[in-house]
Each structure stands twice: as C-alpha cells, then as structure tokens.
Amino acid sequence: MNAGIVTSFLVGGLLLLSILQLNFTVSNSSNKNVLQTVAKKKMQSLTETLTYDIKRIGQGTKDPTKDATSAINSLSDNQKIRFQSEASGTLQNTTWEIEGKDNATDKMNDYRLVRTAYNQSGNQTKTTFTVVSFNIQYINSSGDLEDNPDGNTVGLKISVATESPEGIQKQNSDSTFYGHSNWEHTIYPPVLNFN
Amino acid sequence: MNDYSDLVYLISAMVLFSLLTLNVSRTLVLNSKDLAENEVEYQGVTVAQSIIDEAKWKNKGDFIDLDGNSDKENIEGVDYNFELEVDPINVEGTDGDDYELTVSVGSNYFNSEEDYPIKLTYIRSF
C-alpha cells in the first residue's frame with residue numbers, strides 16, 4: 001500500500017480521536033453545569049419556603065413571649081421541627097421533617113423533607129422536597145448552639161444540602177458526579193427576640 | 001513540491017485545531033469557575049444576612065459595640081471573613097439616634113480585587 005495513504009489514515013485517525021475527545025469534554029462540562037444549576041434551583045425553592053416559615057414562628061399566638069418557646073417542638077432530634085404560627089388569620093401547626101429515603105430516585109443518599117401544615121379545621125397540606133441533609137440547631141441568648149429549644153432560644157441555625165436527581169459518569173473513574181448545593185443560615189424569628 | 005504543500009496544509013490545520021481546543025477548554029474552565037464563585041457568593045450573602053438578623057435584636061450598647069468586630073466562619077470547607085462597621089447617621093424625619101451597620105464579607109474564593117466584595121447595610125433607630 002502507498003505510504004502516503006497509510007500516513008494520511010494515521011494522521012486522520014489521530015485528528016478524529018482528538019475531535020471526539022473534545023466533543024466528549026464539552027458535553028461533559030455542559031452537563032456538569034446543568035446539574036449544578038439544577039441542584040441550586042432545588043435549593044432556592046426550598047430555602048424560600050423554609051425561611052418564610054421559620055421567620056414566622058410563634059406569630060399570632062395569644063401571648064407571643066410565652067408561647068414562642070412552647071410553640072417550637074424539636075421532636076427530639078435535629079432533623080425535625082414543629083411550630084405554631086398564624087396563616088391567613090388562623091393558627092396553624094407546621095412540621096418540617098425528614099420522612100425517610102426518597103424512593104423516587106435511585107440515589108442512596110436522597111431523603112424526603114416534608115413540610116406539613118395543619119390548620120385548626122384539621123386540613124393538612126403536604127409539600128415534599130428532596131434533600132441530601134437537613135439539620136437544625138438552636139441558638140440561645142448567649143450565642144451557644146444547642147440541640148433542643150428552651151426558654152432562652154433566640155435563633156435557629158439551619159443547614160441544608162441538595163443534589164441533582166441525576167448524575168453523570170466521571171471521566172476516568174467509576175464514580176458518578178452529582179450537582180451539589182449547600183445552604184446554611186441562622187434565622188432569628190422576631191417573636192423569640194421580643195423581651 | 002506537491003508533498004510539501006500537503007504537509008503545510010496539515011500543520012496549519014492542526015495548529016488551528018489546537019487553538020480551537022485551547023479556547024474551548026479555557027471557556028469551560030471559566031464557566032466552572034463562575035459557577036463555583038456564584039455558589040460561594042450566595043452563601044456569603046447568607047452569612048451577612050444572618051449577622052444583620054442577629055443585630056436587629058441587640059440593645060443600643062451591644063449594637064454600637066459591634067463596630068470593628070471581625071471574625072471568620074467556615075461553611076462546608078469555605079472560609080468567609082467578615083468585618084462589621086457601625087456609623088452614626090442622621091435619617092431625616094426621625095427623632096431617635098440612627099446607626100448604620102455595614103457587614104462586609106470576603107472569601108479567598110472570590111475573584112475580586114477587594115478584600116470584602118459583599119457589603120450589606122442595615123439602618124437602625126433607637
């Protein structure tokens with residue numbers, strides 16, 4: 001065979017491989033960005049609702065300074081919280097808690113964070129978010145972190161992590177890449193701070 | 001001569017292709033960097049907001065004492081440095097003493113020449 005044709009095949013093959021590699025890198029990076037954005041969007045919709053709820057803890061209760069601390073019930077661990085507040089003119093109990101693994105996704109570390117709002121007529125509204133972790137700690141008037149709320153609680157430190165529901169195979173690795181977003185915020189609800 | 005021109009075409013094509021690859025890689029890195037910075041910035045604003053939320057409930061003495069305070073907070077492996085500044089100001093139409101609290105937040109992950117690119121202010125009257 002002509003040496004020129006063999007050389008052309010070799011060079012052309014190398015060029016084709018480079019183009020394929022470039023194509024793979026571009027689509028991989030684009031997918032990663034999309035996954036990161038998905039995780040971020042999930043986090044934003046969750047934190048908007050959560051911040052709105054937590055800031056209203058104890059609002060509308062008859063004796064805010066007295067009821068504020070009793071309005072919060074930590075449900076004995078840092079992944080659940082129940083509190084009372086006013087919504088549309090009536091008092092309602094709101095619960096945020098992790099209700100086990102999210103079976104809707106294949107990922108082992110996805111959990112269902114459920115917000116349940118009960119009004120006085122007994123009607124309840126459930127909203128479900130998928131999170132990787134959810135943790136609540138309480139800040140007392142001295143600024144120390146505590147696991148349970150008490151009469152000195154003035155703020156709540158909440159941390160949440162979300163991941164994209166789907167992942168992509170990492171380059172040169174067996175593991176999978178998921179878009180990830182963290183959020184940590186300390187909220188001082190007005191009712192807990194009226195002295 | 002014909003062989004040489006083929007070689008020149010081939011080399012030129014490869015140089016052009018390398019330049020294209022380099023530019024694409026640079027764009028990809030910049031995109032990822034922007035995304036990471038955006039994430040850090042979002043959390044930085046949350047740090048500043050938490051400090052303001054806490055300051056809202058302080059009495060006058062404690063509020064003024066915040067002036068000059070600086071500290072750092074580590075969230076998920078990222079250090080956020082913050083500085084607080086309290087200045088007396090005059091808000092027209094108010095009788096009490098007015099103070100402006102400025103919370104400045106910075107991090108090594110911000111691509112900014114300023115040390116504290118995030119600044120949030122809060123005005124309080126006593």
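From a predicted model like this one, the values you see are computed outputs, not experimental measurements. Per chain, residue numbering runs from 1 following the sequence as it is written. Lettering of chains starts at A and numbering of ligands starts at 1, both following the order in which they are written. With pLDDT at 70 or above as the cut-off, local features in this predicted model cover only qualifying residues; side-chain atom pairs require 80 or more to be listed or tallied, and sums for whole chains, interfaces and linings still use all residues. Heavy atoms throughout the structure, all of them, feed into the side-chain values; hydrogens and water do not.

> Looking at this model, I keep getting lost on the overall build of chain A. Mind explaining?
What counts as a helix is a DSSP run of H or I of at least four residues, what counts as a strand is a run of E of at least two, and both are numbered from the N terminus. Assigned secondary structure in chain A consists of three helices and ten strands. Along chain A, from the amino end to the carboxyl end, the secondary structure elements read α-α-β-β-β-β-β-β-β-β-β-β-α. Against the compact-globule benchmark of 16 Å for 195 residues, chain A has a radius of gyration of 25 Å, which places it well outside the compact range. By its C-alpha atoms, chain A is 95 × 40 × 25 Å across when sized along the principal axes. The classification of residues rests on relative accessible area computed with a 1.4 Å probe and restricted to protein chains. Under 20% of the type maximum is buried, over 50% is exposed, and intermediate values are partly exposed. The buried share of chain A, taken over its 195 residues, is 40%. A separation of at least 24 residues holds for 52% of the contacts in chain A among residues at least 6 apart in sequence. To measure how exposed things are, a 1.4 Å probe is used in the Shrake-Rupley method; for residues, cover is taken only from the protein chains shown. Looking at chain A as shown, the accessible area adds up to about 10300 Å², and 50% of this sits on carbon and sulfur atoms. In this tally Asp and Glu are treated as negative and Lys and Arg as positive; neither His nor the chain ends contributes. Charged side chains are reduced to one point each, which is NZ for Lys, CZ for Arg, CG for Asp and CD for Glu. Between the mean site of the 17 positive side-chain charges and the mean site of the 19 negative ones, chain A shows a separation of 5 Å. The size measure is the radius of gyration over C-alpha atoms, and the globule rule it meets is 2.2 Å times the number of residues to the 0.38 power. Contacts were defined at the residue level, with two residues in contact if any of their heavy atoms lie within 4.5 Å.

> How should I be thinking about unusual backbone geometry in this particular structure?
One can expect most non-glycine residues to show negative phi and most peptide bonds to be in trans. Residue and element names in this part refer to chain B. Positive phi is not limited to glycine here, since E76 has a value of about 50°. Tracing the chain through its elements places E76 in the loop between β1 (70–75) and β2 (78–89). For E76, a relative accessible area of 58% gives the class exposed.

> It is not clear to me how the sheet that holds strand β2 (residues 90–101) of chain A should be interpreted in this structure. Could you clarify?
Whether parallel or antiparallel, the strands of a sheet pair through hydrogen bonds between backbone atoms. Residues and elements named next belong to chain A. Across the sheet, four strands lie side by side as β1-β2-β3-β4; this open sheet has antiparallel pairing. Both edges of this open sheet fall to β1 (80–87) and β4 (124–131), since each of them pairs with a single strand only. The average angle at which neighbouring strand axes cross in this sheet is 20°, direction not considered. Paired strands, in this sense, are two strands between which DSSP finds at least two bridges. Pairing of β1 with β2 involves eight bridges; the strand directions are antiparallel. Pairing of Q84 across the sheet is with N93, part of β2. Axis definition: a line fitted to C-alpha atoms, over the contacting stretch in the case of helices. Angles run 0 to 180 degrees between N-to-C directions.

> Explain the side chain of N193(A) to me, please; I cannot follow it from the model alone.
By secondary structure assignment, the location of N193(A) is in helix α3 (residues 190–193). Residues contacting N193(A), with those up to four places away along its chain left out, are V154(A), Y188(A) and W57(B).

> How should the interface of chain B and chain A be read in this particular structure?
Tallying the contact residues gives 23 residues for chain B and 28 residues for chain A. Between chain B and chain A, roughly 2300 Å² of surface is buried when both sides are summed, and carbon and sulfur atoms account for 62% of that area. Contact with chain A buries area across many residues of chain B, yet F17(B), Y42(B) and W57(B) alone supply 28% of it, more than any other trio. In the sections that follow, a salt bridge refers to a side-chain nitrogen of Lys or Arg positioned within 4 Å of a carboxyl oxygen of Asp or Glu. At the boundary of chain B and chain A, one finds one salt bridge. Where E39(B) meets K40(A), a salt bridge forms, and the shortest distance between an N and an O atom there is 3.5 Å. Whenever a nitrogen or oxygen atom comes within 3.5 Å of another N or O atom, the pair is scored as a polar contact, on the condition that within protein one atom can donate a hydrogen and the other can accept it, and that pairs from neighbouring residues in sequence are kept only if both atoms are in side chains. Seen at the junction of chain B and chain A, the total is seven residue pairs in polar contact (both at pLDDT 80 or more). Mapped onto the side of chain B that touches chain A, the elements with two or more residues apiece are α1 (2–55) and β1 of chain B. Per-element accounting of the side of chain B that touches chain A gives the leading share, 19 residues, to α1(B). Considered class by class, the residues forming the side of chain B that touches chain A number ten nonpolar, eight polar and five charged. When two parts are brought into contact, each loses some accessible area as probed by a 1.4 Å sphere; the total of that loss over both is the buried area. All residues other than Ala, Val, Leu, Ile, Met, Phe, Trp, Tyr, Cys, Pro, Asp, Glu, Lys and Arg, Gly among them, are scored as polar; the first ten of these are nonpolar and the last four charged.

> What is the right way to look at the sheet that holds β2(B) in this model?
Residues and elements named next belong to chain B. The strand order across the open sheet built from four strands is β1-β2-β3-β4, with neighbouring strands paired in antiparallel fashion. Each edge of the sheet is formed by a strand with only one pairing partner; in this case those strands are β1 and β4 (118–125). This sheet shows a mean twist of 25° between the axes of neighbouring strands, independent of strand direction. Sheet analysis places β2 next to strand β3 (residues 98–106), joined by nine bridges and oriented antiparallel. Pairing of I89 across the sheet is with D98, part of β3.

> Looking at this model, I keep getting lost on the pattern of salt bridges. Mind explaining?
Residues and elements named next belong to chain A. As enumerated under the stated definition, the model contains twelve salt bridges over all chains in all. Note that K157 and E184 form a salt bridge whose closest N and O atoms lie 3.5 Å from each other. Linking K157 in strand β7 (residues 153–163) with E184 in strand β10 (residues 180–187), this pair joins segments that are 27 residues apart in sequence. A single salt-bridge network, built from bridges that share partners, covers D53, R56 and R115.

> Any chance you could explain the packing of aromatic side chains here in plain terms?
Two numbers describe a pair of aromatic rings. These are the distance of the centres and the angle of the planes. Note on ring pairs: Phe, Tyr and Trp rings are taken, using the six-membered ring of Trp, and paired if centres are within 6.5 Å. Classes follow the plane angle, with under 30 degrees stacked, over 60 edge-to-face and the rest tilted. Applying the stated criterion across every chain yields a total of four aromatic pairs over all chains. Between W96(A) and F129(A) the ring centres are 5.7 Å apart and the planes differ by 15°, which places this aromatic pair in the stacked class. Within this pair, whereas W96(A) is found in strand β2, its partner F129(A) is found in strand β4, the two being separated by 33 residues in sequence. Residue W96(A) shares its accessibility class with F129(A), and that shared class is buried. Each ring, one from Y99(B) and one from F126(B), has its centre 6.0 Å from the other, and the planes form 65°; the classification is edge-to-face. Linking Y99(B) in strand β3 with F126(B) in the segment after β4, this pair joins segments that are 27 residues apart in sequence. With a relative accessible area of 13%, Y99(B) lands in the buried category. In this structure F126(B) comes out as partly exposed when scored by relative accessible area, which is 31%. An aromatic cluster is built from F63(B), Y99(B), Y122(B) and F126(B), whose rings are joined through pairwise contacts. Only Lys NZ and Arg CZ are tested; either one counts as a charge over a ring when it is within 6 Å of the ring centre and within 35 degrees of the ring normal. For the cation-ring pair, K32(A) lies above F177(A), with the distance from its terminal atom to the ring centre recorded as 5.1 Å.

The quantities given are spatial measurements derived from coordinates; they are silent on function.
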